[in-house]
Structures are given as structure tokens and as C-alpha cells.
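Residue-level structural notes
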Amino acid sequence: MIKSSEEIELLKIAGQIVGDTHNYLKQFIKPGITTKELDKLAYDYIISRDATPSFLNYEGYPASICTSVNEEVVHGIPSDRVLQEGDIISIDIGACYKGYHGDSAWSYPVGNISEEKKYLLEHTEKSLYEGLSVIKPGIKIGDIGYAIEQYALKHKLGVVKELVGHGVGKHLHESPDVPNYGKKNTGMTLRKGMVIAVEPMLNLGTADIYILDDDWTIITADDKPSAHFEHTIVVTKDGYEILTKR
Ligand code: MF3
Ligand code: CO
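Presented here is a report on the structure given in the accompanying data block.

For the cobalt ion (ligand 2), the full set of protein donor atoms is Asp103 (OD), His166 (NE2), Glu199 (OE) and Glu230 (OE), at a range of 2.1 to 2.3 Å. Going along the chain, you hit the donors of the cobalt ion (ligand 2) in the pattern D-x62-H-x32-E-x30-E. Residue histidine 166 is found in strand S7 (residues 165-167), and its partner glutamate 230 is found in the loop between strand S13 (226-228) and strand S14 (231-235); the two are separated by 64 residues along the sequence.

Here it is in C-alpha cells:
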């Protein structure tokens, strides 16, 4: 699980391509665009950077990015759905460069959104940084989940438990699992050179979810909105560095 400095160099490039793809896509997230058009823009951009979209064909996944709108939590499949003013959309992007992956999701407003959706986006993003803030060599995986869950509970948001963060490297998903809940001082110890994706998914209502008949799209059980923020990071000598910076 501990990456060499050569591997970390490649993971930094992969992560930067993912961050840059988010920056590039952001300008197109407006009422009127379809999620399939966003997928095509992402595909072309990632290819132009000499990388490949990590998600395309991953366990049969049929697109380059995940586009999850409103009550969709994660793994929404790009389609002819047209984004509407007031929607929120979570865009999850992975890119593979010279065999190494980067992975980052972000939730965006489409035009003007309601106060409760603004609240959800603000506090889900903050919960990601709460989780990241405890990271340094010697802490345990449970410390990250504890920080995220306590923050979410304080803000009365539902923490999705069925999906977790993960190690990142030659594979998109490696061990360890990084849950968005947990107890302090439990689980595996983090070491310098480990690369993990931390990715809280928080709901305005219940934490409960279900999966649609397409076998991919995850939806909140009460149809209330959900947000998802994810960074891939490397554990450094005395903290962490974000690999998927914007
Ligand atoms: N970033 C997503 C995750 O870590 C990966 C989705 S890949 C997909 O769960 F192909 F399954 F969509
Ligand atoms: Co991920």
C-alpha cells in the first residue's frame, strides 16, 4: 500500500489531470446541457492529456464519468437528461496516466439553487476537509470517518454508509477501505506514502439509499438531494497533499 516516490510522481500527474478535467467541465455546467454532453467533453479532455478515463468499462460501467443529479447519490450514468436551473449535479471523474489512477468527485449547482441545496453542498464539502484535516502518519482510518461523521451529524445530514473511500494506485480501488463513519483510534494505521481517496456522500434527509434497475444509479430512499465530494491524497511526512487539486 505504500507507494514509491516514482509511483507518487505518476499519481500526482493522474490526479492533476482529474483536477484539471473538473476545472474544464465546470464552465459547461449550466441549464440546457445534457449529462451525455458533459461525458463527451470529459472523455475528449482526458484523452487530450494522454490519459484514459478510469471508469469507462470499469466492471462494465458504460461512460467516462458519473453524473448524479439531485436525489442521485453516486454512479448516475450520463444520458440525454437535460440539466435544469435549480438542480445540483455530482460529477465523479477518474483518469489513468501511465498505469496510475486519480479519482475525484465534486458537486455543483446548476444556476440558482435553493437554500437547502446550498447548505448541503457547503457542509458536504466541509465534511471532506474535516476528514482530511486529521490525516498524517500514525493516525488510524477510523479517525477520518469519525471526523466526517461527527461533522455531518452536527449539521443534521445523513451519512451514506454503504459506499466508502479507498486506496488508489495501479487500481482505481485498492485497500484500505475508508468509511465516512467510525470510531477514533480504530482500523489500519496510515503511513507516509499511502494514497487514498476520501469521499463523503451526505444526504439532506435519510442516510438510506437504494439502487435503480440500471444496476448502477444509487438514489436516496426519501428522494431528497445528496452531495458527494472526493479528493485523492497522499500521506506525507507530517500531513497530506491533495493530488486532485483544482
Ligand atoms: N469514484 C467512484 C468510486 O470510487 C468510482 C466509480 S467507477 C464506476 O466509487 F465505474 F463504477 F462508476
Ligand atoms: Co472513489
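Across the sheet, which stays open at both edges, the three strands sit in the order S3-S12-S11 with antiparallel pairing between neighbours. The two strands at the open ends of the sheet, each matched to only one other strand, are strand S3 (72-74) and strand S11 (209-211). Put simply, the sheet's adjacent strands are angled 40° from each other on average, direction ignored. Strand direction decides the pairing type here: S3 and strand S12 (residues 218-220), joined by two bridges, are antiparallel. Note that in S12 the partner of valine 74 across the bridge is isoleucine 218.

Before going further, it helps to spend a moment on the site of ligand 1. In the neighbourhood of ligand 1, the contacting residues comprise Phe55, Tyr58, Tyr61, Cys66, His75, Asp92, Asp103, His166, His173, Glu199, Trp216 and Glu230. One of the side-chain nitrogen or oxygen atoms of histidine 75 is found 3.4 Å away from an oxygen atom of ligand 1. Histidine 173 has a polar side-chain atom sitting 2.9 Å from an oxygen atom of ligand 1. Relative to its unbound accessible area of 340 Å², ligand 1 is 95% covered by the protein chains. Among the detected pockets, ligand 1 sits in the largest pocket. Looking at the shell around ligand 1 residue by residue, the class counts come to five nonpolar, three polar and four charged.

In this section: the pattern of salt bridges. All told, the structure shown has ten salt bridges when counted by the stated rule. A salt bridge links lysine 118 to glutamate 115, with the shortest nitrogen-to-oxygen separation between them at 3.3 Å. Placement of both lysine 118 and glutamate 115 in helix H3 (residues 115-133) is noted, with a separation of three residues, approximately one turn of the helix. With relative accessibility at 41%, the residue lysine 118 sits in the partly exposed group.

Here the focus is the pairing of strand S2 (residues 65-69). The element S2 is largely enclosed, with a buried count of five among its five residues. Where burial is concerned, the two faces of S2 agree: the one with Ile65, Thr67 and Val69 and the one with Cys66 and Ser68 are both buried. Pairing geometry for S2 and strand S4 (residues 88-97), over five bridges, is antiparallel. By the bridge assignment for S4, valine 69 is matched with isoleucine 89.

Cut-offs applied
- Residues numbered from 1 in each chain as written.
- Chains lettered and ligands numbered in written order.
- Predicted model: local features only at pLDDT ≥ 70, side-chain atom pairs only at ≥ 80, totals over all residues.
- Heavy atoms only, no water.
- Donors = N, O, S within 2.8 Å, 3.2 Å for Na, K, Ca; no water.
- Helix = DSSP H or I, 4+ residues; strand = E, 2+ residues; numbered from the N terminus.
- Pairing = 2+ DSSP bridges.
- Axes fitted to C-alpha atoms, helices over the stretch in contact; angles between N-to-C directions.
- Near = heavy atom within 4 Å.
- Polar contact = N/O pair within 3.5 Å; in protein donor to acceptor, adjacent residues only side chain to side chain.
- Areas by Shrake-Rupley, 256 points an atom, 1.4 Å probe, with all protein chains shown as cover.
- 1 Å grid on protein atoms, 1.4 Å probe; cavity = no way out; pocket = protein on both sides within 12 Å on 5 of 7 lines; lining within 4 Å.
- Sits in = over half its atoms within 2 Å of the grid points.
- Nonpolar A, V, L, I, M, F, W, Y, C, P; charged D, E, K, R; others polar.
- Salt bridge = Lys/Arg side-chain N within 4 Å of Asp/Glu carboxyl O.
- Buried < 20%, exposed > 50% of the residue type's maximum accessible area, 1.4 Å probe, protein only.

Interpretation in functional terms is not warranted from these geometric data alone.
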